[in-house]
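Residue-level structural notes
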Amino acid sequence: MSETIWQMEEQLWTGCRERLSAAMSGLCVMAFPEPVGMMLGAQLQQRTEHVPRWDLVAMTDQTTASPASGVIVLAYRAEGRRRGSAPYRALCTSTYARKNDDWSLVQHHQTQIP
């Protein structure tokens, strides 16, 4: 199960916007470094509409926890790369909740590593 969640997490970085939208709860709470800041999931689509997706992401120090039935928390270091840009490095957490047989992102946080 955790392999599927990690694949979903990678697709949130590199996949198409439709996949991002389908995997995220409309009430997903997100926190990004400034100037992006905090937002709910539905706002992410609007605020990043013209921002290019990541070409690739490397996730290391992956940690998975399941504090309750139907809840999975991921923590990891990420290095995202886009053509023509310096690498972006961050400490990240994501929380997924299961509804019926589907997993949905309900929380995501990034702390940029200088």
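As the structure is a prediction and not an experimental result, all values here were calculated from the model.

This paragraph deals with the pairing of strand 5 (residues 88-99). Relative to strand 5, strand 4 (residues 71-81) runs antiparallel, the two sharing ten bridges. Within the sheet, the bridge partner assigned to Ile72 lies in strand 5 and is Tyr96. Here strand 5 folds back onto strand 6 (residues 102-112), and the loop between the two strands holds two residues, one of which, Asn100, carries a positive phi near 60 degrees.

What follows is about the sheet that holds strand 1 (residues 24-31). If you trace the six strands from one edge of the open sheet to the other, you get 2-1-6-5-4-3, paired in mixed fashion. Strand pairing shows two members of the sheet lacking a second neighbour, strand 2 (38-40) and strand 3 (56-68), which therefore form its edges. Neighbour-to-neighbour, the strand axes of this sheet turn through a mean angle of 15 degrees, independent of strand direction. Judged from the ten bridges that link them, strand 5 and strand 6 form a sheet pairing that is antiparallel. By the bridge assignment for strand 6, Thr93 is matched with His109.

What follows deals with the packing of aromatic side chains. Taken as a whole and assessed by the stated rule, the structure comprises four aromatic pairs. A network of ring pairs unites the aromatic residues Trp13, Trp54 and Tyr88 as a single cluster. One residue, Arg82, lies across the ring of Trp54, its end atom 3.7 Å from the ring centre.

Below, the discussion takes up the nonpolar core. By size, the foremost hydrophobic cluster in this structure holds 25 residues, and its most contacted members are Trp13, Met30 and Tyr76. Those elements that place two or more of their residues in this core are helix 1 (2-14), helix 2 (17-23), strand 1, strand 3, strand 4, strand 5 and strand 6. For Trp13, the residues in contact, after removing those within four places along its chain, are Arg53, Trp54, Val57, Tyr76, Ala78, Gly80, Tyr88, Cys92 and Gln110.

Calculation notes
- Residues numbered from 1 in each chain as written.
- Predicted model: local features only at pLDDT ≥ 70, side-chain atom pairs only at ≥ 80, totals over all residues.
- Heavy atoms only, no water.
- Pairing = 2+ DSSP bridges.
- Helix = DSSP H or I, 4+ residues; strand = E, 2+ residues; numbered from the N terminus.
- Axes fitted to C-alpha atoms, helices over the stretch in contact; angles between N-to-C directions.
- Phe/Tyr/Trp six-rings, centres within 6.5 Å; stacked < 30°, edge-to-face > 60°.
- Lys NZ or Arg CZ within 6 Å of the ring centre and 35° of its normal.
- Core = buried A, V, L, I, M, F, W, Y, C linked by side-chain atoms within 4.5 Å.
- Buried < 20%, exposed > 50% of the residue type's maximum accessible area, 1.4 Å probe, protein only.
- Contact = heavy atoms within 4.5 Å.

By themselves these figures say nothing about function.
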